[in-house]
Amino acid sequence: MASKLTTCFVCWNLSTGFDCNHHRNNRAMRSTFPPSSKLRRHRSTIIISSQQKRQYNKKSSRPSSIDGPLNPPNSNDDDSLHNFNNNSSSPSALNVNRTEPAEQLSDGQLEDLLAMIKNAEKNILLINQARVRALEDLQKILSEKKVLQAEINVLEMRLAETDARIEVADQEKTRVELLEGQLEKLHSELAQKGSDAELHDIQTGVLSDANDTISSLTVELNSIREENASLKNEIESFKTQLNDVKNNDERLVVLEKERLFLESALKDLESKLSISPEAVSELSTLKVECKYLSDKVENLQLLLDKATKQADQAVIVLQQNQDLQREVDKLEATLEEANIYKLSSDKLQKDNELMQQKIKLLENSLEKSDEDINSYVQLYQQSVNEFQDTLNILQKGSKKKTLDEPVEDMPWEFWSQLLLLIDGWALEKKISVDDAKLLREKVWKKDKSISDIYLACKGQNEDEAISSFLGLTSSATSPGLHVIHIAAEMAPVAKVGGLGDVVCGLSKALQKKGHLVEIVLPKYDCMQYDRIGDIRALDVVIESYFDGQLFKNKIWVGTVEGLPVYFIEPHHPDKFFWRGDFYGERDDFRRFSYFSRVALEFLLQAGKKPDIIHCHDWQTAFIAPLYWDVYVPKGLNSARICFTCHNFEYQGTAPASELESCGLDSHHLNRPDRMQDNSAHNRVNSVKGGVVYSNIVTTVSPTYAQEVRTAEGGKGLQSTLSTHSKKFIGVLNGIDTDIWNPATDPFLDVQYNANDLQGKSENKEALRRKLGLSSEDVKRPLVGCITRLVPQKGVHLIRHAIYLTLELGGQFVLLGSSPVPHIQREFEGIANHFKNHDHIRLILKYDESLSHTIYAASDMFIIPSIFEPCGLTQMISMRYGAVPIVRKTGGLNDSVFDIDDDTIPSQFQNGFTFLNADEKGINGALVRAINLYQNDPESWKQLVQKDMNIDFSWDSSAAQYEELYLKSVTRGRATKRA
Ligand code: ADP
């Protein structure tokens, strides 16, 4: 474009390098033609008029681009040029002038001049055309600009600038028009004066002016073009911005919709607000009603509490009724048996009668036979008579039995019937072939023991009778059952809580009953070695499988409380039981699955043939699946498995793969009906394994056995327990009355008993002195609490009881420690707070000897458990004359009965109970206890004495276990040997 702008419009040569003739002529002409301001005025005359422009536009078919090539000079085929010339008045004048003779210029010069003028005119015309096109473009741009103008202020400013320039261009145009006018004028003057020279000067001046104008216009045009180009770019960018604006508009529409929606919601709210006063008034009415209702509810609650009490009483009465019912059932069964026996006698009688009828028939037929046959019949008759005699003897025997007379010489028929009975059981697979053989031998020998048993079991049902008979076979080989407990705790050597007490207490009681009882424990580094008698390592190494290899284990033996105990010391790099603590290690699952495996391996290698393997809690529940899946195939197959869960809170779960370590097949066991945890399907649950794979499953109290069948108490195992309910039973724990005996307790300052309570007061005084509590008021009641501080034990209620006791004028001693850090910290805070207090002392540790002295010193003992599988402390405290204050749950519900509960026979009332696990609940019981203590010392003393005399020994519980063991052993033998 720049090159075009420097084109010489006269000769059409580029003015970059060389001078053309025209240039040279022009320069020559310009030197003779003064460049005055007057002449500059004339320049504007070459600008075409707007009318001419319109006419040209109409005819022009060329594109309106200003970049289009300019017409070469002298182009004859340019119609527009001709048209322009035709339409212009001046060219016609020029034509006329051209025909007139020049007076002062030569013809050639004149011709040259005319040609130059003509060229100049043509070029002006072309420039004008270009300018027109540019203007048109500009107009278009302007119109586009106008459309955008409203939105684009910046563009407006620039357009304003452009307009200003266009104005200048217009001014120039006017000037060119003026120049044209002057040119015309000059032409006419020339025509009048015929002065060539003047004409020449004028023409040269005009041309020079025109040239200046053209070049200035060209510059302007270029700048306008540039401007336009940049404007175009800007327009493009504005277009994109416009699109953005459009998008924004769309968003605006959405927003607008949202605004409308909000407005309508606002209106809604306003309308609601307008009716709110009514609602408020309604609300206040409702409040009143609500108050009335809540009063009513409270009343109802009271009634409900009363009703609950009555219901509880009813339950107890019901239980008593059930007990009675059971007894009635038993009696009925006995009666039934007697009837059956009577029936069988009757049957025999009938048979006999039938037989006699047959005989008569035979006799009739025989009469018709020959003599030989007659004699045969007589013989037969004799035998029948003999049979009749036997029958009579049997009948006599039966009568004798009814009169409890000893049976002496029994006829063969008696033994034969016995034999048939035994064979029947064997054939029906109710007893094993071996047992049947043993019993048969006894019959053949007419052994008195078996006849006694047979006569003795007349009142029993078949199961009981079989059990009695099998007692005979087991006593033939051993005096009792061989029971092996495999556990993680045993009091007093390795005790964390009640589990340790149970293992020791139950074992001792079973041992007393004549059974062979052994215990297998891990050899912890933190055990009370001074409580083990004659501990020594055996000269044997047991190799046991774990994590795909065999590890050596040392076996130690010693006696604990007179019981034989095996301690297993693993030589595993993880030093499983060398941790300074019993539990709470990150690898507890591995530690105890290892122990379970090695315990069974030990039994196998020691060649033991126990009747019962009794495992306890999740730590040794692995025993059950390990026994059946791994050890029975290896030959350790004599036993029935009993599993006792002491607390369903702790179930021992882990990723299924961890089972593999001890040799269990995780794929086989990680199934819903086997060991798979009921709430996490990629985990296995050790307690569940114990429940599923054991022959007997027990827990530690009848109430807790009921509670764990519910969703709340079962901790996820309720469905499993329901599935296996036939083998699941709650047996209330006992306590070891040798260890827990205030009359012999070596930990006490003074021993005492129910008939001599002075010793108890002295122990109270001794403890006060020891703990720095005030002894000023002898009669101030001392409330004791010994517990693991875990949520299960109702720690918030224990905390409340401390402050409440203080308020009620009592003293409080707490002995406990917590595995839960924040609870331990909290109680440390309370302990510090009361560090030097006269009436409160918290001792936050495990201390066996101190526990004995606290039981002995306490007047009352508080156990506000949220749930309590059995609980031993209420039994121990009663044995030591400390009256229990407990929440009615689990084993507490089975062992403590409120003294104010009329539904309980007075001989069983032994403490204070409350139902709701809240402050209100505990307040009621504690206030009643302290009131009785302070206001009725005589009743209190009687209560203390009654509690101390209650039998909480293991005797009756051990008898229940013995029965469970025996039944299971019987069943096991029958199924195994059949
Ligand atoms: P759990 O087994 O749930 O801990 P139990 O009432 O069945 O509760 O058994 C608790 C046994 O642990 C009792 O023999 C009790 O005396 C004893 N015990 C609890 N805490 C301590 C302690 N800090 N120091 C000494 N003995 C304790």
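Residue indices follow the written sequence of each chain, beginning from 1 at its first position. Under the rules for a predicted model, residues below a pLDDT of 70 receive no local features and side-chain atom pairs below 80 are neither given nor counted, while totals for whole chains, interfaces and linings still include all residues. Side-chain metrics in this entry use all non-hydrogen atoms of the structure; hydrogen atoms and water are not considered.

**So, the packing of aromatic side chains**
Then, in step 1: What counts as a ring pair is set by centres within 6.5 Å for rings of Phe, Tyr and Trp (its six-membered ring), and what kind of pair is set by the plane angle: stacked under 30 degrees, edge-to-face over 60, tilted for all other angles. Enumeration according to the criterion identifies 28 aromatic pairs in this entry.
Then, in step 2: Between Trp740 and Tyr880, the aromatic rings sit 6.1 Å apart at their centres with planes inclined by 80°, giving edge-to-face as the arrangement. Within this pair, whereas Trp740 is found in the loop between strand E11 (728–730) and helix H24 (758–771), its partner Tyr880 is found in the loop between helix H28 (873–879) and strand E16 (883–887), the two being separated by 140 residues in sequence.
Then, in step 3: In this analysis the charged atom, NZ for Lys or CZ for Arg, is taken to sit over a ring once it is within 6 Å of the ring centre and within 35 degrees of the ring normal. When the ring centre of Trp556 is taken as origin, the NZ or CZ atom of Lys523, which lies over that ring, is 4.4 Å away.
Then, in step 4: The aromatic ring of Phe867 is capped on one face by Lys715, whose charged end is 4.4 Å from the ring centroid. The helix count covers DSSP runs of H or I at least four residues long, the strand count covers runs of E at least two residues long, and both are numbered beginning at the N terminus.

**Examining the pattern of salt bridges**
Then, in step 1: We define a salt bridge as a side-chain nitrogen of Lys or Arg found within 4 Å of a carboxyl oxygen belonging to Asp or Glu. Under the definition given, this model contains 27 salt bridges.
Then, in step 2: Between Arg973 and Asp611 there is a salt bridge, and its shortest N-O distance comes to 3.7 Å. Here the residue Arg973 occupies a position in helix H32 (residues 955–977), and Asp611 occupies one in the loop between helix H16 (588–605) and strand E6 (612–616), the gap between them amounting to 362 residues.
Then, in step 3: When accessible area is computed with a 1.4 Å probe and restricted to protein chains, residues below 20% of their type maximum are described as buried, those above 50% as exposed, and intermediate ones as partly exposed. The buried category is assigned to Asp611, whose relative accessible area is 13%.
Then, in step 4: Notably, a salt bridge pairs Arg928 with Asp898, separated by 2.8 Å at the nearest N-O pair. Of this pair, Arg928 sits in helix H30 (residues 919–935) while Asp898 sits in the loop between helix H29 (890–895) and strand E17 (912–914), and the two are 30 residues apart along the sequence.
Then, in step 5: On the basis of relative accessible area, Arg928 is assigned to the partly exposed category, the value being 26%.

**Quick look at the sheet that holds strand E12 (residues 782–788)**
Strands pair in a sheet through their backbones, by hydrogen bonds, and they do so in one of two ways: parallel or antiparallel.
Then, in step 1: Any two strands are treated as partners once DSSP identifies two or more bridges connecting them. Across the sheet, which stays open at both edges, the six strands sit in the order E14-E13-E12-E15-E16-E17 with parallel pairing between neighbours. Each edge of the sheet is formed by a strand with only one pairing partner; in this case those strands are strand E14 (840–843) and E17. Strand after strand, the sheet turns through a mean of 15° between neighbouring axes, direction not considered.
Then, in step 2: Alignment of E12 against strand E15 (residues 860–863), held across two bridges, turns out to be parallel. When the bridges of E15 are listed, Val783 appears paired with Met860.
Then, in step 3: By the convention used here, residues are in contact when the closest approach between their heavy atoms is within 4.5 Å. Lines fitted to C-alpha atoms define the axes, with helix axes restricted to the stretch in contact, and inter-axis angles between N-to-C directions lie between 0 and 180 degrees. Across the face of the sheet, helix H25 (residues 795–807) comes into contact with E12, strand E13 (811–817), E14 and E15 while running at roughly 160° to E13.

**Focus on the site of the ligand**
Then, in step 1: The criterion for a residue being near a molecule or strand is simple. One of its heavy atoms has to lie within 4 Å of it. Taken together, the neighbourhood of the ligand is formed by 19 residues, with Lys495, Gly498, Arg788, Lys845 and Tyr855 sitting nearest.
Then, in step 2: Between N or O atoms, a polar contact is any pair within 3.5 Å; within protein, one atom must be a potential hydrogen donor and the other a potential acceptor, and residues adjacent in sequence are included only when both atoms are from side chains. At a separation of 2.9 Å, a nitrogen atom of the ligand approaches a polar backbone atom of Lys845.
Then, in step 3: Relative to its free-state accessible area of 560 Å², the ligand is covered by the protein chains to the extent of 93%.
Then, in step 4: Secondary-structure elements contributing two or more residues to the shell around the ligand are helix H15 (498–512), E12, E13, helix H27 (848–857) and H28.
Then, in step 5: The element best represented in the shell around the ligand is E12, accounting for three residues.
Then, in step 6: Taken together, the residues of the shell around the ligand break down into six nonpolar, seven polar and six charged. Computed with the Shrake-Rupley method and a 1.4 Å probe, the accessible areas treat only the protein chains shown as cover for residues. Residues are grouped as follows: Ala, Val, Leu, Ile, Met, Phe, Trp, Tyr, Cys and Pro are nonpolar; Asp, Glu, Lys and Arg are charged; all remaining types, including Gly, are polar.

**A closer look at the pairing of E14**
Then, in step 1: Residues Ile840 and Leu842 of E14 are buried on one face, and the alternating residues Arg841 and Ile843, pointing to the opposite face, are buried as well.
Then, in step 2: Pairing geometry for E13 and E14, over four bridges, is parallel. Along E14, the bridge assignment pairs Phe812 with Ile840.
Then, in step 3: Think of it like this: strands point away, you trace from the first strand over the helix to the second, and a clockwise trace means the crossover is right-handed. A crossover connection joins E13 to the parallel E14 through helix H26 (residues 821–833); in handedness this β-α-β unit is right-handed.

**Looking at the pairing of strand E5 (residues 563–570)**
Then, in step 1: In terms of burial, E5 is largely enclosed, as seven of its eight residues are buried.
Then, in step 2: In the sheet, strand E2 (residues 516–522) pairs with E5 via four bridges, with the strands oriented parallel. Within E5, the position partnered with Val520 by the bridge is Tyr566.
Then, in step 3: Pairing analysis gives eight bridges linking strand E4 (residues 549–560) to E5, with the strands arranged antiparallel. Bridge assignment links Lys554 to a residue of E5, and that residue is Glu569.
Then, in step 4: Between E4 and the antiparallel strand that follows it, E5, lie two residues; Glu561 among them carries a positive phi value of about 50°.

**A look at the confidence of the model for the chain**
Then, in step 1: For every residue, the predictor reports its confidence as pLDDT, a number between 0 and 100. For the chain, per-residue confidence averages 80 on the pLDDT scale, and residues scoring 70 or more make up 74% of the total.
Then, in step 2: Contacts for the low-pLDDT stretch residues 1–103, under 50 throughout, to residues beyond four places or in other chains number 194 contacts.
Then, in step 3: Predicted confidence is poor over residues 402–407, with pLDDT under 50, and the contacts of this stretch with residues over four places away or in other chains come to two contacts.

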